[in-house]
Amino acid sequence: MSDLIDLRSDTVTRPTPEMRAAMAAAEVGDDVYGEDPTVNLLERRAAEIFGREAALFVPTGTMGNQIAIRVLTQPGQEVIAESRAHILDYEMATTAVFSGCLIRAVPTDDGILTWRHIEPAIRPRATIHAATGLINIENTANLAGGRVSGVQVLEEIWGHAKERHLPTHLDGARIFNAAVTLGKDLKALTNGFDTVMFCLSKGLGAPAGSMLVASQELIDRARIYRKALGGGMRQVGILAAAGLIAMEQMPARLFQDHSNARLLAEALSHTDGVAIDLDTIETNIVIFQLTGRITAPQLSARLKTRGVLANAVGPHAMRLVTHLDVSRAACLAAAGILTEEIERN
């Protein structure tokens, strides 16, 4: 496996030596009782970085998103989200199962929800249809190719949502990537949301874990729902120790992943049988379309035989994700293999 160039996701990274050392030395306690000092430190630092009152360590981003939806909605409501949103496509219908809500999927051309898209989808409280209970924003937008939502777009959403008394949640699994691309402080990108989830285990490179940040009142309620979902992890400071390093140190290297994604995209733009818009390559995700006879699943299978792992995200769509475990040299090699396999069709 060490010889493979794995571009399937930034979730595949292995802990750095520093993370492993911190995990081995971590001071631990029972986190369900609030007695794990390393978890408590991670939660305090996450709250400080995002300018919030409190934070909660959860096993996965999915759990963080679903807890947020549960604390911000009532059963029988709708959650507005972009039609390619993670909460819709990759979270196992948990919004319906756990919160009793439906997702109102709103299509956009570029994957970025703006108030212009959101306002027509809002439904008032009535006796004949489900009312809107929450607006979900994903930044960066995964299946839109890692596109970023800028501060101006977000501020318009926050302002109008507040006027409508609608809460907002940020699925910020890769919000650190967005901050790097935009050159903005995390607080400026997130302060208008009621809840923010971000992943430690994607671009930041931790082996597991995500964070939910919000007010103290919402986090107190979120802690109850974490337990209900089986997220009480006891002596989990071992993972929190790696999460601290991920959160404090790894954002400084994310620009390298973005540069490597651009390298791959530019190589693909010169490949026969590929359609790609270079203007959409903003972070560490590259999505491109195959225009020849080969399908995306076929290309994925061919690449594997050449030592490159990459996922099909549609019949003719491929996704590549760069991360700390793929070097620039590896991306150059992968670009060559991709071109060879696509052009031989």
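The structure presented is a predicted model; accordingly, all values stated were derived computationally and were not measured.

Chemist: Even after reading the chapter, I still don't get the packing of helix α1 (residues 17–25) against helix α11 (residues 237–249), so can you show me in this structure?
Modeler: Angle between the axes and distance between the axes are the two parameters that describe a pair of packed helices. Viewed as axis vectors pointing N to C, α1 and α11 meet at an angle of 140°, and their least axial separation amounts to 7 Å. The handedness of the crossing between α1 and α11 comes out as right-handed. Between α1 and α11, the contacting residues are E18, M19, A22 and M23 on the first element and I238, L239, A241, A242, I245, A246 and Q249 on the second. The class makeup of the residues in the contact of α1 with α11 is 9 nonpolar, 1 polar and 1 charged.

Chemist: Where do I start with the sheet that holds strand β7 (residues 195–199) in this structure?
Modeler: By way of backbone hydrogen bonds, the strands of a sheet pair with one another, either parallel or antiparallel. Reading across from one edge, β2-β8-β7-β6-β5-β3-β4 is the order of the 7 strands in this open sheet, with mixed pairing throughout. Among the strands making up the open sheet, the edge pair consists of β2 (54–58) and β4 (102–106). In this sheet, neighbouring strand axes are inclined to one another by 20° on average, regardless of whether the strands run parallel or antiparallel. Direction of pairing for strand β6 (residues 168–171) relative to β7: parallel, over a ladder of 3 bridges. By the bridge assignment, D171 is partnered in β7 with M197. Packing against the sheet, helix α10 (residues 216–228) makes contact with β2, β7 and β8 (210–214), and its axis sits at approximately 20° to β2.

Chemist: Got a minute to help me understand the sheet that holds strand β10 (residues 285–290) in this structure?
Modeler: The strand order β9-β10-β13-β12 describes an open sheet built from 4 strands, whose pairing is antiparallel. Looking at the sheet topology across the chains shown, the edges are occupied by β9 (274–275) and β12 (311–312). In this fold helix α12 (residues 254–269) packs onto β9, β10 and β13 (317–321), with an angle of close to 15° to the strand it touches most, β10.

Chemist: Please clarify how unusual backbone geometry should be interpreted in this entry.
Modeler: Note: most peptide bonds trans; most residues except glycine with negative phi. The peptide bond linking N139 to T140 adopts the cis configuration, its omega dihedral lying at 10°. Following the sequence through the fold, T140 ends up in the loop between β5 (132–138) and α7 (151–163). At M92, a residue that is not glycine, the phi angle is positive and equals roughly 60°. Of note, A93 is a non-glycine position whose phi angle comes to about 60°, a positive value. With respect to the helices and strands, the residue A93 is situated in the loop between α4 (86–89) and α5 (94–99). For A93, a relative accessible area of 47% gives the class partly exposed.

Chemist: What should I look at first to understand the pairing of strand β3 (residues 78–82) in this one?
Modeler: The side chains of a regular strand alternate, first on one face of the sheet and then on the other. Burial analysis of β3 places 5 of its 5 residues in the buried class, which makes it a mostly covered element. In β3, alternate side chains face the same way, and those of E78, I80 and E82 on one face and V79 and A81 on the other are all buried. Relative to β5, β3 runs parallel, the two being bridged by 3 bridges. What sits directly across from I80, in β5, is I135.

Chemist: I would appreciate a short explanation of the environment of Q74 in the present structure.
Modeler: Mapped onto the elements of the fold, Q74 is located in the loop between α3 (61–72) and β3. As a C-alpha pair, Q74 and G209 span 135 residues in sequence and 27 Å in three-dimensional space. If sequence neighbours within four positions are ignored, Q74 has contacts with S99 and C101.

Chemist: When you look at the pattern of salt bridges in this model, what are you seeing that I'm missing?
Modeler: Where charged atoms from two side chains of opposite charge approach closely, those side chains can pair. Counting across every chain of the model gives 18 salt bridges. Measuring nitrogen to oxygen at the nearest pair gives 3.5 Å for the salt bridge that ties R223 to E43. Of this pair, R223 sits in helix α10 while E43 sits in helix α2 (residues 37–50); the two residues are 180 residues apart in sequence, bridging distant segments of the chain. Across the pair R84 and E82 runs a salt bridge, and its minimum N-O distance is 3.3 Å. Through salt bridges with shared partners, one network takes in R302, R306, E340, E341 and R344.

Chemist: Looking at this structure, how should I read the packing of aromatic side chains?
Modeler: Here the distance between the centres and the angle between the planes together describe a pair of aromatic rings. Evaluation of the coordinates by the stated rule reveals 5 aromatic pairs. An angle of 85° between the planes, with centres 5.4 Å apart, marks the rings of W158 and F193 as edge-to-face. Note that W158 is positioned in helix α7 and F193 in the loop between α9 (186–190) and β7, a separation of 35 residues in sequence. Of the residues examined, W158 reaches a relative accessible area of 11% and is grouped as buried. Among the aromatic residues, those joined into a ring-pair cluster are F50, F176 and F198.

Chemist: Sorry if this is basic, but what is going on with the environment of T73 here?
Modeler: Along the chain, T73 falls in the loop between α3 and β3. With 93 residues separating them in the primary sequence, T73 and L166 have C-alpha atoms 9.6 Å apart. When neighbours within four sequence positions are excluded, T73 is seen to be in contact with V79, S99, C101, G133 and L134. Engagement of the side chain of T73 in a polar contact is seen with the backbone oxygen of I69, the distance being 2.6 Å.

Chemist: For this particular structure, what's the right way to read the packing of helix α13 (residues 296–305) against helix α14 (residues 328–344)?
Modeler: α14 packs onto α13 with a crossing angle of 130° between their chain directions and a minimal axis gap of 10 Å. Here α14 runs oblique to α13, going by the angle between their axes. For the pair α13 and α14, the crossing hand works out as right-handed. For the pair α13 and α14, the contacting residues are L299, R302 and L303 in the first and I337, L338, E341, I342 and R344 in the second.

Definitions and cut-offs
Residues numbered from 1 in each chain as written. Predicted model: local features only at pLDDT ≥ 70, side-chain atom pairs only at ≥ 80, totals over all residues. Heavy atoms only, no water. Axes fitted to C-alpha atoms, helices over the stretch in contact; angles between N-to-C directions. Helix = DSSP H or I, 4+ residues; strand = E, 2+ residues; numbered from the N terminus. Left-handed = near helix turned anticlockwise from the far one by under 90°. Contact = heavy atoms within 4.5 Å. Nonpolar A, V, L, I, M, F, W, Y, C, P; charged D, E, K, R; others polar. Pairing = 2+ DSSP bridges. Buried < 20%, exposed > 50% of the residue type's maximum accessible area, 1.4 Å probe, protein only. Salt bridge = Lys/Arg side-chain N within 4 Å of Asp/Glu carboxyl O. Phe/Tyr/Trp six-rings, centres within 6.5 Å; stacked < 30°, edge-to-face > 60°. Polar contact = N/O pair within 3.5 Å; in protein donor to acceptor, adjacent residues only side chain to side chain. Parallel < 35°, antiparallel > 145°, perpendicular 65-115°, else oblique.

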